[in-house]
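# Overview (structure and organization)
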Amino acid sequence: EAGVAQSPRYKIIEKRQSVAFWCNPISGHATLYWYQQILGQGPKLLIQFQNNGVVDDSQLPKDRFSAERLKGVDSTLKIQPAKLEDSAVYLCASSPGPVYEQYFGPGTRLTVT
Amino acid sequence: AQSVAQPEDQVNVAEGNPLTVKCTYSVSGNPYLFWYVQYPNRGLQFLLKYITGDNLVKGSYGFEAEFNKSQTSFHLKKPSALVSDSALYFCAVDSGAGSYQLTFGKGTKLSVIP
């Protein structure tokens with residue numbers, strides 16, 4: 001079974017630029033999560049999708065972050081414009097449903113200079 | 001609001017010795033508790049979870065965890081550590097009502113010394 005795929009693996013941008021991350025969950029997984037992991041901290045949930053609907057985005061900084069899940073499969077997380085404090089690893093996870101354990105992708109390491 | 005504390009930033013243990021990685025939690029209602037492991041440049045991997053039932057939970061790679069409600073703890077254990085167990089370990093708690101919206105601790109780096 002293929003795992004959760006994420007791209008790119010690494011990205012370096014200047015502040016005020018825009019960036020987008022892509023996630024392809026495990027086939028058949030209805031629930032998709034985006035996390036932000038700042039160095040030295042645990043992952044923090046940004047947004048949770050169930051199929052193509054948003055379940056929770058209470059911790060998503062909506063003035064600069066946006067996310068969508070096209071047709072309930074792939075998902076894209078965008079930051080526009082980026083700030084220095086957005087430097088982190090962005091993790092995507094999926095699960096068969098909201099009451100199963102989550103499977104994580106390798107993450108995208110974002111550096112904002 | 002729910003929270004998780006991992007009081008040790010780093011744990012060092014000799015190969016072959018038992019290991020313990022500590023976790024305490026705070027949550028209203030019944031907790032759903034998880035342990036994940038993160039190897040360098042890789043995503044988190046699920047180790048085990050406690051939902052209900054037996055307080056001793058067995059998971060992947062020989063790990064187990066003991067749920068203690070009175071001490072609000074969920075410590076990760078392994079009887080005999082391997083060098084390959086060296087990694088970053090995260091404890092997490094469900095936000096409530098079994099939603100599986102996880103709140104993670106800050107992580108504990110485990111180093112197993114040959």
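Rules and cut-offs
- Residues numbered from 1 in each chain as written.
- Chains lettered and ligands numbered in written order.
- Predicted model: local features only at pLDDT ≥ 70, side-chain atom pairs only at ≥ 80, totals over all residues.
- Heavy atoms only, no water.
- Disulfide = S-S within 2.5 Å.
- Helix = DSSP H or I, 4+ residues; strand = E, 2+ residues; numbered from the N terminus.
- Buried < 20%, exposed > 50% of the residue type's maximum accessible area, 1.4 Å probe, protein only.
- Contact = heavy atoms within 4.5 Å.
- Pairing = 2+ DSSP bridges.
- pLDDT = per-residue confidence, 0-100.
- Buried area = accessible area lost by both parts, 1.4 Å probe.
- Salt bridge = Lys/Arg side-chain N within 4 Å of Asp/Glu carboxyl O.
- Phe/Tyr/Trp six-rings, centres within 6.5 Å; stacked < 30°, edge-to-face > 60°.

### Looking at the state of the cysteines
All names here are of chain A.
- Evaluation of the coordinates by the stated rule reveals two disulfides over all chains.
- Each disulfide pairs two cysteine sulfurs, and for Cys23 the partner residue is Cys92, the sulfurs being separated by 1.9 Å. Because the torsion about its S-S bond is -65°, the bridge between Cys23 and Cys92 counts as left-handed. Highlighted residues: Cys23 in strand β3 (residues 19-24) and Cys92 in strand β9 (residues 88-95), separated in sequence by 69 residues. For the pair Cys23 and Cys92, one class covers both residues: buried.

### Some details on the side chain of His75 of chain B
- Here His75 of chain B shows up in strand β9 (residues 73-78).
- Setting aside residues up to four positions removed in sequence, His75 of chain B forms contacts with Thr20, Val21, Lys22, Cys23, Trp35, Glu64, Ala65 and Glu66 of chain B.

### Section: the pairing of strand β8 (residues 75-79) of chain A
Residues and elements named next belong to chain A.
- Across the five residues of β8, four count as buried, placing the element largely inside the fold.
- Across five bridges, the pairing between β3 and β8 is antiparallel. Looking at the pairing, Trp22 lines up with Thr76 of β8.
- As paired strands, strand β7 (residues 65-69) and β8 are joined by five bridges and run antiparallel to one another. Bridging from a neighbouring strand, Ser66 pairs with Lys78 of β8.
- Linking β7 to β8, which pair antiparallel, is a turn of five residues; within it Lys71 sits at a positive phi near 55°.

### Remarks on the confidence of the model for chain A
- When pLDDT is averaged along chain A, the result is 93; 97% of the residues meet or exceed 70.
- Within chain A, strand β6 (residues 53-56) of chain A has the poorest average pLDDT of any element, 90, and β8 of chain A the best, 98.

### Side note on the interface of chain B and chain A
- Contacts between the two partners involve 17 residues from chain B, matched on the other side by 22 residues from chain A.
- With both chains or domains summed, chain B and chain A bury close to 1500 Å², and 49% of this area falls on carbon and sulfur atoms.
- The largest contributions to the chain B side of the interface with chain A come from Leu44, Tyr100 and Gln101 of chain B, which together make up 35% of the buried area.
- On the surface where chain B and chain A come into contact, there are one salt bridge.

### Some thoughts on the packing of aromatic side chains
- One pass over the full model with this rule turns up 14 aromatic pairs over all chains.
- Here the aromatic rings of Tyr35 of chain A and Phe104 of chain A are separated by 5.4 Å at their centres, their planes lie at 40°, and the arrangement is tilted. Taken together, the residues span a long stretch of sequence, with Tyr35 of chain A in strand β4 (residues 31-37) and Phe104 of chain A in strand β10 (residues 103-104) at a distance of 69 residues.
- For Tyr35 of chain A, a relative accessible area of 0% puts it in the buried group.
- Taking 4.1 Å as the distance between ring centres and 20° as the angle between the ring planes, the aromatic pair formed by Tyr50 of chain B and Phe67 of chain B counts as stacked. With Tyr50 of chain B in strand β6 (residues 44-50) and Phe67 of chain B in strand β8 (residues 64-68), this residue pair connects regions lying 17 residues apart in the sequence.
- With a relative accessible area of 6%, Phe67 of chain B lands in the buried category.
- Taken together, the ring pairs connect Tyr33, Tyr35 and Phe104 of chain A together with Tyr36, Phe46, Phe90 and Phe104 of chain B into an aromatic cluster.

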